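A structural walkthrough
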Amino acid sequence: MRGLIWREDLQAVLSENHAIISWTLAVLTELRWGQYVRARLSLAMICSCLLLATLSVIINGQERSSTPNFRREVAVTFDDLPATHGDLLKMRYITSKLLESLKRNNVPTIGFVNEGKLLVRDEADERTALLRQWLDAGYELGNHTYSHVSVDQLPFVAYKEDLIRGEAVTKVLLREQGLSLKYFRHPQLRTGPTPEYKKALDNLLAERGYTIAPVTIDNNDYIFAAVYARAKERNDRELMNKIVRAYIPYMEQVFAHFEKLSVEFLGYEVKQTLLLHANELNADHLDELAQMMKKRGYRFISLSEALKDKAYSLPDAQVKKGLSWLHRWMIAKGLEMRPEPLEPEFITALFHSYRR
Ligand SMILES: [Zn+2]
């Protein structure tokens with residue numbers, strides 16, 4: 001296909017050039033000897049232009065051939081800002097590395113904030129400055145509740161209070177940039193333990209002008225990140241590499257799983273929304289993740305662009321667990337959810353051994 005376009009371009013230029021050559025020869029036959037030298041110079045210039053035009057077609061053709069065929073779209077989003085874990089130094093490291101990689105790979109993004117992580121004695125300003133870095137880099141921020149509360153363990157009134165408390169700083173930071181707080185991401189993707197709770201929460205979010213930030217590509221990056229962080233603390237390079245060698249293929253399996261599910265349920269691949277966490281593993285290896293997505297034909301889009309997909313207006317089922325919205329839409333239609341890819345056993349074993 002690319003080759004065909006390339007050949008057509010070349011033929012077009014040659015036929016245009018053929019017209020120029022014919023015209024030049026016609027002019028030359030009409031010329032007297034006195035004008036011949038000047039005409040030869042003009043002809044040399046015309047030939048140079050032809051050569052350059054032909055070369056540019058060849059180069060353009062090569063560039064186009066190497067451009068991946070973007071047939072899929074994904075909005076990459078980050079939870080738990082400024083960072084899931086770590087002291088100020090680590091949070092600074094994670095922020096800088098993530099922002100550098102996002103820029104390098106032209107990935108638009110939005111980060112969901114837990115403002116409870118900002119209020120550390122003598123560090124509030126520095127931690128808040130990390131959020132400003134996201135905005136200064138041109139990215140958005142959203143609310144992820146103040147203290148990352150688990151919806152199952154809190155009465156609605158307390159959840160509401162925590163959610164509203166989580167707006168204060170983010171609102172001010174967004175206002176500084178001429179923006180307003182628009183998106184809410186449920187911690188653990190849990191939208192309410194009962195139908196009544198979910199309805200009350202949906203109403204609260206609508207009243208406060210929020211758009212819910214759904215996730216279609218849900219995954220267990222946090223499990224890999226927890227074991228990676230431990231290995232990094234011990235400077236165990238071998239284990240760190242082993243974890244990364246398992247992480248990227250695992251994430252690719254998760255993508256393949258939800259792409260297939262989307263086609264089976266919707267009849268097409270939805271504009272995907274990916275959940276990642278602001279942690280060391282992603283900070284160190286976002287380049288490889290972006291590369292994997294590009295290889296699968298993904299173009300990176302903003303969350304608002306992804307939400308233009310009509311699938312996001314489908315009813316989402318009330319479920320206790322944190323689930324992909326693809327599963328929520330399926331369950332709302334009375335369909336069963338499908339088992340998701342699992343992380344390798346050595347990752348699960350390490351994760352549980354650290355939690356004991
Ligand atoms: Zn979270």
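One structure accompanies this document, and this report is about it.

So, on to the pairing of strand E3 (residues 140–143). Neither face of E3 is left uncovered, since the one carrying Glu 140 and Gly 142 and the one carrying Leu 141 and Asn 143 both have all their residues buried. Sheet analysis places strand E2 (residues 109–113) next to E3, joined by four bridges and oriented parallel. Bridging from a neighbouring strand, Gly 111 pairs with Leu 141 of E3. Note on the crossover from E2 through helix H4 (residues 124–136) to E3: the handedness is right-handed.

Next up on the list: the pairing of E2. Extensive coverage of E2 is indicated by the burial of five of its five residues. Going residue by residue along E2, you find Thr 109, Gly 111 and Val 113 tucked away on one face and Ile 110 and Phe 112 tucked away on the opposite face as well. Both strand E1 (residues 72–81) and E2 contribute to a ladder of four bridges, which runs parallel. For Leu 81, the partnering residue across the bridge sits in E2 and is Val 113. Read as a crossover between parallel neighbours, the route from E1 over helix H3 (residues 88–104) to E2 is right-handed.

For the rest of this paragraph, the subject is the nonpolar core. Counting residues in hydrophobic clusters, the biggest one holds 60 residues, and the most contacted among them are Val 74 and Phe 224. At eight residues, the largest contribution of residues to this core is made by helix H9 (residues 237–266). Contact partners of Val 74, with chain neighbours within four places excluded, come to Gln 272, Leu 274, Met 293, Tyr 298, Phe 300 and Ile 301.

Moving on to unusual backbone geometry. The amide bond that connects Leu 81 to the next residue, Pro 82, takes the cis arrangement and shows omega of 5°. With respect to the helices and strands, the residue Pro 82 is situated in the loop between E1 and H3. Even without a glycine there, the phi angle at Asp 122 is positive, about 65°. Residue placement: Asp 122 occurs in the loop between E2 and H4. Given 7 C-beta atoms within a 10 Å radius, Asp 122 is considered exposed. A positive phi is found at His 148, a non-glycine position, where the angle reads about 55°. Here His 148 lies in the loop between E3 and helix H5 (156–165). For His 148, a count of 17 C-beta atoms within 10 Å translates into the label partly exposed.

Analysis parameters
Residues numbered from 1 in each chain as written. Predicted model: local features only at pLDDT ≥ 70, side-chain atom pairs only at ≥ 80, totals over all residues. Buried ≥ 20, exposed ≤ 12 C-beta atoms within 10 Å, placed from the backbone. Helix = DSSP H or I, 4+ residues; strand = E, 2+ residues; numbered from the N terminus. Pairing = 2+ DSSP bridges. Right-handed = clockwise from strand over helix to strand, strands pointing away. Core = buried A, V, L, I, M, F, W, Y, C linked by C-beta atoms within 7 Å. Contact = placed C-beta atoms within 7 Å.

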